[in-house]
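# Overview (structure and organization)
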Amino acid sequence: MNRLFFQPHQAGLSKVQAAEHTLRNINPDVQFEVHNYNITTVDNFQHFMDRISYGGLEEGKPVDLVLSCVDNFEARMAINTACNELGQTWMESGVSENAVSGHIQLIIPGESACFACAPPLVVAANIDEKTLKREGVCAASLPTTMGVVAGILVQNVLKFLLNFGTVSYYLGYNAMQDFFPTMAMKPNPHCNDKNCRKQQEEYKEKKAAQPKQVVVEQEEEIVHEDNDWGIELVSEVSEEELKAASGPLPDLPKGITVAYTIPNKEETVVAGETTVAESEESLEELMAKMKNM
């Protein structure tokens, strides 16, 4: 996504220098702090951690959020290591080498999966990714895909910092099918990063110390709306009549009830009513009897 910053007259500048020049032209009121170095080396990594811890808008305070837009796994793992050690929330993002898919991921140390909890195959197999790149061959680049992923990332950042909407923990983008998979990944208790495991334990302790909220379920009373005509709904069948019309209840395990029962075959004869005995005669025989009457 860093290629979106480059303009023809910036040929020869580093990525961070080109990004700073382009963004400053867009909004000169933004404060920029540029460091052009490899964060995977020991000295630069320590300086990188120091700027996360003390480089906030208020000098001496930590930053609110770290955004990762790097183009290799080694740098991602370095950011992951630093944020796990400091307990710093960050967002990871990237575009695939075929340039038709990408993703963003919110990582809260201890609460959600870090980059090392479910690493890509290249990282998990400890493969040197430099050996995967062919000499003179550059990965595919589609600024449209990068623009979509960058827009999704910034949108998620705004929701996180300004506390509105639903913040996505993981959101993917498949340009071939216009598919946006989303999910939330829990941290791996056997993560290779010791600081990730430490953050998980601290998060569990913090959750256990919070008072548990007891949810009391209250049955809502049925309230009939008042109307101008005084109409009320009254059942025409009493409780006794309803029970008498119901059949026997089967013997069921505790917690299981029936929706209805089969009525008794024996019909209750009401006093004063005349009943007709059942007959085995056919309909034709009964009709012949009626004609002779």
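This write-up is about the structure you can find in this document. Because the structure is predicted, anything quoted here is derived from the model rather than measured.

Now for unusual backbone geometry. For Ala-99, which is not a glycine, the phi torsion comes out positive at approximately 70°. Relative to the elements of secondary structure, Ala-99 occurs in the loop between strand 2 (90–95) and strand 3 (101–107). Of note in this structure, Asp-178 is not a glycine but carries a positive phi near 50°.

Spatially, the five strands line up as an open sheet ordered 1-2-3-4-5, and their pairing is mixed. Each having just a single partner strand, strand 1 (66–68) and strand 5 (182–183) make up the two edges of the open sheet. Bridging between strand 3 and strand 4 (residues 170–174) involves five bridges; their strand directions are antiparallel. Within the sheet, the bridge partner assigned to Ile-104 lies in strand 4 and is Leu-171. Packing of helix 5 (residues 143–162) onto the sheet brings it into contact with strand 1, strand 2, strand 3 and strand 4, and relative to strand 2 it is tilted by some 170°.

Our focus in this paragraph is the nonpolar core. Among the nonpolar cores identified, the biggest contains 20 residues, and Ile-79, Trp-90 and Cys-114 are the most heavily contacted of them. The contact partners of Trp-90, leaving out residues within four places of it in the chain, are Leu-65, Val-66, Ser-68, Arg-76, Ile-79, Asn-80, Cys-83, Gln-105, Leu-106, Ile-107 and Phe-115. Counting 11 residues, the second largest nonpolar core, distinct from the first, contains Leu-106, Ile-152, Val-157 and Leu-171.

What follows is about empty space enclosed by the protein. Any empty space left between atoms is shown by rolling a water-sized probe over those atoms. Counting across every chain of the model gives one cavity of 30 Å³ or more. Lining the largest cavity are Gln-105, Leu-106, Ser-112, Ala-113, Tyr-169, Tyr-170, Met-183, Ala-184 and Met-185. Across the lining of the largest cavity, the residue classes tally to seven nonpolar, two polar and no charged.

Conventions and cut-offs
- Residues numbered from 1 in each chain as written.
- Predicted model: local features only at pLDDT ≥ 70, side-chain atom pairs only at ≥ 80, totals over all residues.
- Heavy atoms only, no water.
- Helix = DSSP H or I, 4+ residues; strand = E, 2+ residues; numbered from the N terminus.
- Pairing = 2+ DSSP bridges.
- Contact = heavy atoms within 4.5 Å.
- Axes fitted to C-alpha atoms, helices over the stretch in contact; angles between N-to-C directions.
- Core = buried A, V, L, I, M, F, W, Y, C linked by side-chain atoms within 4.5 Å.
- Buried < 20%, exposed > 50% of the residue type's maximum accessible area, 1.4 Å probe, protein only.
- 1 Å grid on protein atoms, 1.4 Å probe; cavity = no way out; pocket = protein on both sides within 12 Å on 5 of 7 lines; lining within 4 Å.
- Points joined across faces, edges and corners; volume = space filled by probe spheres on them.
- Nonpolar A, V, L, I, M, F, W, Y, C, P; charged D, E, K, R; others polar.

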